Amino acid sequence: MKRIVLILLVAGFISACTGKPSHEAEMDKFIDNLMSQMTLEEKIGQLNLLSMWFDVTGPRMSEDVEQKVKDGLVGGVFNFWTPNAVRKLQDMILAQTRLKIPLLVGYDVIHGHRTIYPIPLGLAATWDTQLIERIATAVADEASADGLQWTFSPMVDIARDPRWGRVSEGAGEDPYLGAEIAKAMVRGYEQGDLSNQNTIMSCIKHFALYGAAEGGRDYNTVDMSRLRMYNEYLPPYEAAVKAGASSIMTSFNEIDGVPATGNRWLLTDLLRQQWGFGGFVVSDWTSLYEMEDHGVGDRAKVTEMAINAGLDMDMVSEYMIEELPALVKAGRVKTETVNAACRRILEAKYRLGLFTDPYRGASEERAKAKIMSPEKLALSKEAALKSIVLLKNEHQTLPLDPSKKIAFIGPLVKNQRTLVGNWCAASDWEQVENLWEALENKYGSGKFLYAAGCNLVENESIRRMTDPQGNVIDSRPSQQLLAEAVQTAQQADVVVAVLGEAYDMSGEAASRTSIDLLDNQKALLKALKETGKPVVLVLMNGRPLTLQWEHDNLDAILETWLAGTRAGDAITEILFGDANPSGKITMTFPRNVGQIPIYYNHKNTGRPFNNDSKFTVKYIDIKENTPLYPFGYGLSYTKFEYSDVQLSDSTLVGDGKITASVTLTNSGDRAGEETVQLYIRDMVGSITRPVKELKGFQKVALKPGESRQVAFSITTELLKFYNAGLQWTAEPGEFTVFIGGCSDVNNNAKFTLK
Ligand code: NOJ
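Residues numbered from 1 in each chain as written. Predicted model: local features only at pLDDT ≥ 70, side-chain atom pairs only at ≥ 80, totals over all residues. Heavy atoms only, no water.

### Some words on the sheet that holds strand β4 (residues 150-151)
No. 1: A sheet is described by the order of its strands in space; here 5 strands give the open sequence β4-β3-β2-β1-β10, paired in parallel fashion. Every interior strand has two partners, whereas the edge strands, β4 and β10 (314-315), have only one.
No. 2: Here 3 bridges tie strand β1 (residues 48-51) to strand β2 (residues 76-78), and the two strands are oriented parallel to one another. Considered in β2, the bridge of leucine 50 is made with valine 77. (Pairing = 2+ DSSP bridges. Helix = DSSP H or I, 4+ residues; strand = E, 2+ residues; numbered from the N terminus.)

### Some points on the packing of aromatic side chains
To describe a pair of aromatic rings, one takes the distance between the centres and the angle between the planes.
No. 1: All chains considered together, the criterion is met by 30 aromatic pairs.
No. 2: Measuring from centroid to centroid gives 5.8 Å for phenylalanine 448 and phenylalanine 576, while their planes differ by 35 degrees, and the two rings are tilted. Within this pair, whereas phenylalanine 448 is found in the loop between α19 (435-443) and β13 (449-451), its partner phenylalanine 576 is found in the loop between α24 (567-575) and β17 (640-642), the two being separated by 128 residues in sequence. Of the two residues, phenylalanine 448 and phenylalanine 576, both sit in the buried class.
No. 3: Joined through ring pairs, the aromatic side chains of Trp127, Tyr176, Tyr600, Phe631, Tyr679 and Phe697 make up one cluster. (Phe/Tyr/Trp six-rings, centres within 6.5 Å; stacked < 30°, edge-to-face > 60°. Buried < 20%, exposed > 50% of the residue type's maximum accessible area, 1.4 Å probe, protein only.)

### So, the packing of helix α9 (residues 226-233) against helix α10 (residues 235-242)
No. 1: Across the interface, α9 lies against α10 with an axial gap of 6 Å and an inter-helix angle of 55 degrees. Judged by the angle between their axes, α9 and α10 are oblique. Contact residues: α9 offers Met229, Tyr230, Asn231, Glu232 and Tyr233, while α10 offers Pro235, Pro236 and Tyr237.
No. 2: Within the contact of α9 with α10, the residues separate by chemical class into 6 nonpolar, 1 polar and 1 charged. (Axes fitted to C-alpha atoms, helices over the stretch in contact; angles between N-to-C directions. Parallel < 35°, antiparallel > 145°, perpendicular 65-115°, else oblique. Contact = heavy atoms within 4.5 Å. Nonpolar A, V, L, I, M, F, W, Y, C, P; charged D, E, K, R; others polar.)

### Some details on the nonpolar core
No. 1: Core analysis: the biggest nonpolar cluster contains 88 residues, and Leu400 and Phe408 have the highest contact counts within it.
No. 2: Apart from residues lying up to four places away in sequence, leucine 400 is in contact with Ile406, Phe408, Val494, Val496, Val536, Leu575 and Phe576. (Core = buried A, V, L, I, M, F, W, Y, C linked by side-chain atoms within 4.5 Å.)

### With respect to the side chain of glutamate 290
No. 1: Looking at the secondary structure, you find glutamate 290 in the loop between β9 (280-282) and α12 (291-294).
No. 2: Arginine 166 provides the closest opposite charge to the buried, salt-bridge-free glutamate 290, at an N-O distance of 9.8 Å.
No. 3: In terms of polar contacts, glutamate 290 uses its side chain to reach the side chain of threonine 286, at 2.6 Å. (Lys, Arg positive; Asp, Glu negative; His and termini not counted. Salt bridge = Lys/Arg side-chain N within 4 Å of Asp/Glu carboxyl O. Polar contact = N/O pair within 3.5 Å; in protein donor to acceptor, adjacent residues only side chain to side chain.)

### Describing the sheet that holds β13
No. 1: The 6 strands lie next to each other as β11-β16-β15-β14-β12-β13, forming an open sheet whose pairing is mixed. Only two strands of the sheet have a single partner each, and these edge strands are β11 (389-393) and β13. Each strand axis lies, on average, 15 degrees off the axis of its neighbour in the sheet, ignoring direction.
No. 2: Running at roughly 170 degrees to strand β14 (residues 494-500), helix α22 (residues 519-530) makes contact with β12 (406-409), β14 and β15 (535-540) of the sheet.

### What to know about the domain arrangement of the protein chain
No. 1: The domain boundaries assigned to the protein chain delineate domain 1 (377-586) and domain 2 (640-753).
No. 2: For domain 1 and domain 2, the distance between their C-alpha centres works out to 36 Å.
No. 3: Facing 6 residues of domain 1, the contacting portion of domain 2 comprises 9 residues.
No. 4: Roughly 570 Å² is buried in total at the junction of domain 1 and domain 2, and carbon and sulfur atoms are behind 35% of that figure.
No. 5: The three residues of domain 1 that bury the most area against domain 2 are Asn580, Ser582 and Lys584, which together make up 71% of that side's buried surface.
No. 6: Summed over the shared surface of domain 1 and domain 2, the result is 1 salt bridge.
No. 7: Here glutamate 674 makes a salt bridge to lysine 584, at a shortest N to O gap of 2.9 Å.
No. 8: Taken together, the links from domain 1 to domain 2 amount to 4 residue pairs in polar contact (both at pLDDT 80 or more).
No. 9: In terms of residue class, the side of domain 1 that touches domain 2 is built from 1 nonpolar, 3 polar and 2 charged. (Domains from an automatic or database assignment. Buried area = accessible area lost by both parts, 1.4 Å probe.)

### Some remarks on the pattern of salt bridges
No. 1: Here the structure, examined in full by the defined rule, presents 42 salt bridges.
No. 2: Ionic pairing is found between glutamate 706 and arginine 708, a salt bridge with its closest N-O pair at 3.3 Å.
No. 3: We classify glutamate 706 as partly exposed; its relative accessible area is 24%.
No. 4: Arginine 708 sits in the partly exposed class, given a relative accessible area of 35%.
No. 5: Here the salt bridges do not stand alone but share partners, grouping Asp128, Arg134, Glu382 and Lys386 into one network.

### Quick look at the packing of helix α21 (residues 478-490) against α22
No. 1: Close contact between α21 and α22 brings their axes to 9 Å; oriented N to C, the two are set at 35 degrees. Crossing angle aside, the handedness with which α21 passes α22 is right-handed. In this structure, α21 contributes Leu482, Ala485, Val486 and Ala489 to the contact, and α22 contributes Ala523, Leu524, Ala527 and Leu528.
No. 2: Classifying every residue of the contact of α21 with α22 by side-chain character gives 8 nonpolar, no polar and no charged. (Left-handed = near helix turned anticlockwise from the far one by under 90°.)

### What about α24?
No. 1: Counting buried residues along α24, 9 of its 9 residues qualify, which places the element largely inside the surrounding structure.
No. 2: When we look at burial in α24, the residues that qualify are Ala567, Gly568, Asp569, Ala570, Ile571, Thr572, Glu573, Ile574 and Leu575.
No. 3: Buried residues in α24 make contact with α17 (374-387), β12, α18 (417-420), α19, β15 and β16 (556-559).
No. 4: Among the residues trailing α24, glycine 577 stands out with phi positive, at a value near 85 degrees.

Below, the structure is given as structure tokens:
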């Protein structure tokens, strides 16, 4: 008791002297004491992050990890989990290292750890930030029980080029929605208190602008004006920093000719000085080593650049441990710089409670209770249901009538692996129920017809990558597969074709020059169409696709993404109308790959698009220059009607506010949920402004015949942007407010900012 009182008194004294909260002051004291015992090599060891097992995503591998851990040359490991394995490793630290500093243990828990949720692009399509926060909390609960403390998520890179495979890992093209989702994920993972053992540390990535790689080619050069950066690409990173994310990962690309990993403007001026980031910065896999190939120096030079720029932790390159000691001796890197980086890593460990409990409460019992618990499986299904987007539905083809004869055709009907998508972490995909099993569970076996129709991938170059051993190829001639499918379709009243991308056709290193359905799948669809039967296309894929032919020729199209552990069930419920689709896409679907980049919040030009004029911003070789499906688009089995936009006032003054509202009515005959979207256009500015910007959204559930008023507050803050001097400002003048169910909305009213 006396000891506790003494500790409290000392803590109070320190905090009174430093002006810091007492727990921070205690942390500083603890770390000062620890660092005073550390050699330079041990401090540098804390900056080294190594990979333990698999999931190789770069050119260099970690070797002799155990020995390096014992030698005090490692600060953290990743690609590693389970309570026993983590306990063993931390025990080794306690027993065999001089200072017994526990390791950080991380992993790419991107959309679930064992229980898998829809890919992030699918989760974004829910537009449900509360749901996304609940998911991040559940993911943290499961991953932490399995020995993890740190996830490399959220990926908040704005992406406008669906050729880039990593669009599947982010929230899409919009900075406002991206920022809201980024905040929700950070809150969910960390809950503002990493000492709670059910949380995990988040890592914002990839800092910065990774999604703007030229030509959609992964890892490629980025070149962008400051105005575009500040107004369109940086908001989600900044929002995640301000939401309290404890770590951030540098990106592979360069910015202004300097690779992000060694870019001092990015990592220090912007991140730490302007945004006040207090966590630590980790490189991406070997992005430090890769700076040599970028051509900015040899291994010593790039290490010097990176640490002096503000990089704290080196993922897999091992250049920090190999080069830093000599750089410090030569005076090229200051000891204080190493100290500052080491301190940030130790602070993260302290906040995670690792110095009190290096296992963070991980145990087999806890893991058993938390992993794939019924609540998590239910949450995964809820997310899958809400992520699914109805892209087309003619003649009420959907929902399906189970009393009809229905043929399910396509290589994805019985495929499990695809459902959990890329980055499926530690999930056991072999236990996932595929669509066919879900259908049979609900309706009994023998009820539906089935044919594979074609192989998922026949394109040689994709197959060499996705299935090098030819394990999943059906060796029957493609003509035979096709004939069987046509015969099956002919016996049915309705055909449901289940097609899309293999799980690894999106994600890292999966850029495509064409985002059409693969030729063999398209040939199948054409043959099915020729049977004259109504055809529903169910898509499973990780990016927007070009679907002009499908849109023109098929009766219904359902985008189900890669929807996770409970995808089979969720798709079944949507197909048969037990649930009503409510997802809305968060990336534009182009008609044609040549339209890329295509995004709703573009600028006007001096020759704005006009279909009837030649000298206007358009392509001459396509009939319609608009997107096939715009940002924010998604249908429902019911119908929503919007009243005109009402404004509470036609002028907004200073720090006042006005209200913009509509009455939303469900005029169909089913209950449904609509995402009401608010867009604003700044009509005249000191710099050109986008034709529309998302500024708010609300999810509204209505019963048939029900109406509700939906209102948004508009304040001056909402109208601010970065001007040519990069000042965050709102300019007086006219604004147009749009409210509707999609970014192509025209329902508007105008007001003036005074
Ligand atoms: C490379 C990827 O770019 C990054 O997103 C991931 O977190 C790391 N590898 C670690 O696996």
